Number of protein chains: 2
Amino acid sequence: MTGVGRVTLVGAGPGSADLITVRGMRRLAEADLVLYDALSSEEMRVYAPKARWFFVGKRACRQSIAQEVLNRLLVRYARRGLTVVRLKCGDPFVFGRGGEEGLALAEAGIPFEVVPGVSSAVAAPALAGIPVTHRGLASSFLVVTGHHEATYAPILDQLGPDSATLVIMMGLGQRARIAERLIARGWSGGTPAAVVVGAATPQSARWIGTLDGLGAAEVPPTSAGAPGLLVVGAVVGLAAELASDSASPLPQQHKGQT
Amino acid sequence: MTGVGRVTLVGAGPGSADLITVRGMRRLAEADLVLYDALSSEEMRVYAPKARWFFVGKRACRQSIAQEVLNRLLVRYARRGLTVVRLKCGDPFVFGRGGEEGLALAEAGIPFEVVPGVSSAVAAPALAGIPVTHRGLASSFLVVTGHHEATYAPILDQLGPDSATLVIMMGLGQRARIAERLIARGWSGGTPAAVVVGAATPQSARWIGTLDGLGAAEVPPTSAGAPGLLVVGAVVGLAAELASDSASPLPQQHKGQT
């Protein structure tokens, strides 16, 4: 019988296979088993060609199985002596529920490690030409999920106009309500705002405009299931200049308006 | 005469050479010239052994030359036809002034690209066992610089107790004032708080306690020049369990208190 294995929670980065870290790539190379949830991770199989790959996800980087079931799977496979990589979209600890997986492993006495990844909270705006901070424009940024009003409302209601760059992950469905809410709180309707969908993937698309137009912003229908986020703040106004390079992914389905 | 070259702003990640992205590593391999500012990047020379490496930094990831001078250097070398990598600590767009470099390049008509990196805003807490978000504890996080009261006070003053995880980068020197400020705003003195210094480097050290003790938190004297940040919020309470793995860098000079 083999000894206990180990689990590494690896951040896969925002989409493209080459935006994983070198450490993450090396952990994949050592893995017997990879549990992954990102569609874009399919391209990452090259890093672990001999491992068994188990898909535990669905679109937009959400898991398809209950967290408790997944936690038990991680423990079970590690107890069989396997070297397991749990490959997670973005960074394991940014809305990735990596903390819950880590706690379950700690409780079970399984050695585990976290390999941070490039979070789409910063990288999706960056690849769209939007720096979340910029001297004279923003010296702080807030990251929140936009799935549920009960989650984002309490924090957004505290922030006065232009007080920070707002990054609202998974906020596409609530973009009209979020824009209304901010304008009601005193934010100018002319505040630059962006929608970024499928960053760092071939389905990359973006919309650049202002809060006034955010609710009616057209999002490509094919990207409805892709991870998307909203960015609000003066830094969005830099996108036209900073995304001008041919090597940055240009919108493929919908051009920015600025 | 050669044609115009190009510049890539590459995020080096939080410290360790293997926390750069695969894309960043590949851009280094293609580079003729690397302008870098991180001490820890010295280990990254292996990725670009044939390039000329110019050090433009000083301790704690800050540049040693004026931004305008650096911008002109980037333009000048690209105009000589060189493939230039500007290697920046963490992510180029998280307090990295990458936006300013990008704008200078755009203005000069130099092709440029941004390669996002793992930001220490998320990775330094993660490597200390602190997830910036965690179900039931925090569904948003704010990142701000702690160098100057004029920068952090306006945003921190808006946030009620426990409303978000706070990540205060470069906030070591102001930790007493920041703790006082939050307590005066109604945050409990018992709110978990951490100091993380030199994350992902051999000089890694951390202190885990509460807001009440943050002002008097001992920071290893040798780490005074290393990049450090503060984390405030309930998620800090998970550090004892989530940093339990031997593969996570344990405090080398100062143990946590929890």
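Residues numbered from 1 in each chain as written. Chains lettered and ligands numbered in written order. Predicted model: local features only at pLDDT ≥ 70, side-chain atom pairs only at ≥ 80, totals over all residues. Heavy atoms only, no water.

Peer 1: Any chance you could explain the interface of chain B and chain A here in plain terms?
Peer 2: Frequently, the measure chosen for interface size is the accessible area that the parts lose on association. Facing the 60 residues of chain B at the interface are 60 residues of chain A. Across the interface of chain B and chain A, roughly 5000 Å² is buried in total on both sides, 64% from carbon and sulfur atoms. Ranking the residues of chain B by area buried against chain A places B:R23, B:F93 and B:L242 at the top, with a combined share of 12%. Between chain B and chain A we count five salt bridges in total. With its nearest N and O atoms 3.0 Å apart, the salt bridge here joins A:R23 to B:D18. Applying the counting rule to chain B against chain A returns 20 residue pairs in polar contact (both at pLDDT 80 or more). Every element with two or more residues in the side of chain B that touches chain A is listed here: α1 (22-30), α3 (98-107), β5 (112-115), α4 (120-127), β6 (140-145), α5 (149-156) and α8 (239-242) of chain B. A breakdown of the residues in the side of chain B that touches chain A according to their chemical character gives 33 nonpolar, 15 polar and twelve charged. (Contact = heavy atoms within 4.5 Å. Buried area = accessible area lost by both parts, 1.4 Å probe. Salt bridge = Lys/Arg side-chain N within 4 Å of Asp/Glu carboxyl O. Polar contact = N/O pair within 3.5 Å; in protein donor to acceptor, adjacent residues only side chain to side chain. Helix = DSSP H or I, 4+ residues; strand = E, 2+ residues; numbered from the N terminus. Nonpolar A, V, L, I, M, F, W, Y, C, P; charged D, E, K, R; others polar.)

Peer 1: Whenever I open this one, the relation of the copies chain B and chain A confuses me. Can you help?
Peer 2: What connects the two chain copies is a rotation about an axis and a shift along it. Of the two same-sequence chains, chain B is brought onto chain A (RMSD 0.0 Å, axial shift 0.0 Å) by a rotation of 180 degrees. The transformation just described matches what one would write down for a two-fold rotation axis. An overlap of 100% is found between the interface residues of chain B and their copies at the interface of chain A, pointing to a shared contact surface. (Least-squares fit on C-alpha atoms with pLDDT ≥ 70 in both.)

Peer 1: So what exactly am I meant to see when it comes to the packing of helix α2 (residues 67-79) of chain A against helix α3 (residues 98-107) of chain A here?
Peer 2: When two helices pack together, you describe them by how their axes are tilted relative to each other and by the distance separating the axes. Residues and elements named next belong to chain A. At a closest axis distance of 9 Å, the pairing of α2 and α3 adopts a crossing angle of 45 degrees. In terms of orientation, α2 and α3 fall into the oblique class. Crossing of α2 against α3: the hand is right-handed. Where α2 abuts α3, its residues Q67, L70, N71, L74 and V75 lie against E100, E101, A104 and L105. Tallied by class, the residues present in the contact of α2 with α3 amount to five nonpolar, two polar and two charged. (Axes fitted to C-alpha atoms, helices over the stretch in contact; angles between N-to-C directions. Parallel < 35°, antiparallel > 145°, perpendicular 65-115°, else oblique. Left-handed = near helix turned anticlockwise from the far one by under 90°.)

Peer 1: When you look at the packing of α5(B) against helix α6 (residues 175-184) of chain B in this model, what are you seeing that I'm missing?
Peer 2: All names here are of chain B. In the contact formed by α5 and α6, the axes pass within 11 Å of each other and the chain directions differ by 20 degrees. Of the possible angle classes, the one that applies to α5 and α6 is roughly parallel. α5 and α6 meet at a crossing whose hand is right-handed. Touching E149, Y152, A153 and L156 of α5 are R177, I178, R181 and L182, all from α6. In the contact of α5 with α6, the residues fall into five nonpolar, no polar and three charged.

Peer 1: Just to check I follow, could you spell out the sheet that holds strand β1 (residues 6-11) of chain B for this structure?
Peer 2: Strand-to-strand pairing in sheets goes through backbone hydrogen bonds, with the strands running parallel or antiparallel. Residue and element names in this part refer to chain B. Overall, parallel pairing links the five strands, which are arranged β3-β2-β4-β1-β5 in an open sheet. What marks the edges here is a single partner per strand, and that holds for β3 (52-55) and β5. In this sheet, neighbouring strand axes are inclined to one another by 20 degrees on average, regardless of whether the strands run parallel or antiparallel. Here β1 runs beside strand β4 (residues 83-88); their pairing, made up of six bridges, is parallel. (Pairing = 2+ DSSP bridges.)

Peer 1: Could you clarify how one ought to interpret the pairing of strand β8 (residues 192-197) of chain B in this entry?
Peer 2: Every other side chain in a regular strand lies on the same face of the sheet, so the side chains alternate between the two faces. Residues and elements named next belong to chain B. For β8, a buried count of five out of six residues is recorded, marking the element as mostly surrounded by other parts of the structure. In the sheet, β8 pairs with strand β9 (residues 205-210) via six bridges, with the strands oriented antiparallel. Paired with A193 across the strands is G209, a residue of β9. (Buried < 20%, exposed > 50% of the residue type's maximum accessible area, 1.4 Å probe, protein only.)

Peer 1: Just to check I follow, could you spell out the domain arrangement of chain A for this structure?
Peer 2: On domain assignment, one finds that chain A holds domain 1 (6-115) and domain 2 (120-242). The centre of domain 1 of chain A, based on its C-alpha atoms, is set 28 Å off from the matching centre of domain 2 of chain A. (Domains from an automatic or database assignment.)

Peer 1: For this particular structure, what's the right way to read helix α2 (residues 67-79) of chain B?
Peer 2: Every α-helix carries 3.6 residues per turn, so stepping three or four residues along brings you back to the same face. Residue and element names in this part refer to chain B. With 13 residues, α2 should cover 18 Å at 1.5 Å per step; its first-to-last C-alpha distance of 18 Å lies within 8% of that length. Contacts from the buried residues of α2 go to β1, β2 (33-36), β3, β4 and α3. Positive backbone phi, approximately 90 degrees, marks G81, located one or two places after α2. (Expected span 1.5 Å × (residues − 1).)

Peer 1: Can you help me understand a positive patch on the surface in this one?
Peer 2: The grouping of A:R52, A:R72, A:R76 and A:R80 at the surface amounts to a positive patch. Looking at the element boundaries, A:R72 is found in helix α2. (Patch = residues over 30% accessible without salt bridge, like charges linked within 9 Å, V, L, I, M, F, W, Y side chains within 5 Å. Areas by Shrake-Rupley, 256 points an atom, 1.4 Å probe, with all protein chains shown as cover. Lys, Arg positive; Asp, Glu negative; His and termini not counted. Charge placed at Lys NZ, Arg CZ, Asp CG, Glu CD.)

Peer 1: I would appreciate a short explanation of the packing of aromatic side chains in the present structure.
Peer 2: The relation between two aromatic rings is expressed through the spacing of the ring centres and the mutual angle of the planes. All names here are of chain A. Tallied over the entire structure, the rule returns six aromatic pairs over all chains. For the pair F54 and Y77, a centre-to-centre distance of 5.9 Å together with 75 degrees between the ring planes defines the contact as edge-to-face. Placement of F54 in strand β3 (residues 52-55) and of Y77 in helix α2 is noted, with a sequence separation of 23 residues between them. Under the relative-accessibility criterion, F54 is labelled partly exposed at 29%. (Phe/Tyr/Trp six-rings, centres within 6.5 Å; stacked < 30°, edge-to-face > 60°.)

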